[in-house]
Amino acid sequence: MTSDEIITRITRVETGLAQPTPAPLSGQVSIPLDPIRHHAYTGDGGPCTTMIFGEQCAEPADQHDPSLSS
């Protein structure tokens, strides 16, 4: 692939990403991320070491739902 082809592809992707977000479909609803992020505490008493979406949770143990612990 030549550098011109790469630039053309990048430009096409950037143009697509610049488009406005389409209106929601009928009946479509968004959900908060909190239910997805719930997890059991992992660590040794310090900040949580669980990785979520590529980032470390880092919340203290008491910020976690004890019902999720095994």
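Residues numbered from 1 in each chain as written. Predicted model: local features only at pLDDT ≥ 70, side-chain atom pairs only at ≥ 80, totals over all residues. Heavy atoms only, no water.

**Details of the overall build of the chain**
Logical step 1: Within the chain one finds two helices and two strands.
Logical step 2: For the chain, the proportion of its 70 residues judged to be buried stands at 9%.
Logical step 3: Intrachain contacts of the chain at a sequence separation of at least 6 include 16% that bridge at least 24 residues.
Logical step 4: Working note: accessible area of the chain is about 6100 Å², and carbon and sulfur atoms make up 58% of it. (Helix = DSSP H or I, 4+ residues; strand = E, 2+ residues; numbered from the N terminus. Buried < 20%, exposed > 50% of the residue type's maximum accessible area, 1.4 Å probe, protein only. Contact = heavy atoms within 4.5 Å. Areas by Shrake-Rupley, 256 points an atom, 1.4 Å probe, with all protein chains shown as cover.)

**Observations regarding unusual backbone geometry**
Logical step 1: Positive phi, close to 50°, is recorded for F53, a residue that is not glycine.
Logical step 2: Note that F53 resides in the loop between β1 (51–52) and β2 (55–56).
Logical step 3: Residues other than glycine seldom take positive phi values, yet A58 does so here, at roughly 65°.

**Things to note about a nonpolar patch on the surface**
Logical step 1: A contiguous nonpolar surface patch, about 310 Å² in accessible area, is contributed by M1, I6 and I10.
Logical step 2: Along the chain, the position of I6 falls in helix α1 (residues 3–17). (Patch = residues over 30% accessible without salt bridge, like charges linked within 9 Å, V, L, I, M, F, W, Y side chains within 5 Å. Salt bridge = Lys/Arg side-chain N within 4 Å of Asp/Glu carboxyl O.)

**Some remarks on the confidence of the model for the chain**
Low-confidence regions, as indicated by low pLDDT, have predicted coordinates that should not be scrutinised in detail.
Logical step 1: With 86% of its residues at a pLDDT of 70 or more, the chain has an overall mean of 84.
Logical step 2: Within the chain, α1 carries the highest mean pLDDT (95), whereas helix α2 (residues 34–37) carries the lowest (61). (pLDDT = per-residue confidence, 0-100.)

**Here's the deal with the environment of T50**
Logical step 1: By the secondary structure assignment, T50 is in the loop between α2 and β1.
Logical step 2: When the C-alpha atoms of T50 and A40 are compared, they prove to be 8.3 Å apart, with ten residues separating the residues in sequence.
Logical step 3: A distance of 2.5 Å separates a polar atom in the side chain of T50 from a polar atom in the side chain of T42. (Polar contact = N/O pair within 3.5 Å; in protein donor to acceptor, adjacent residues only side chain to side chain.)

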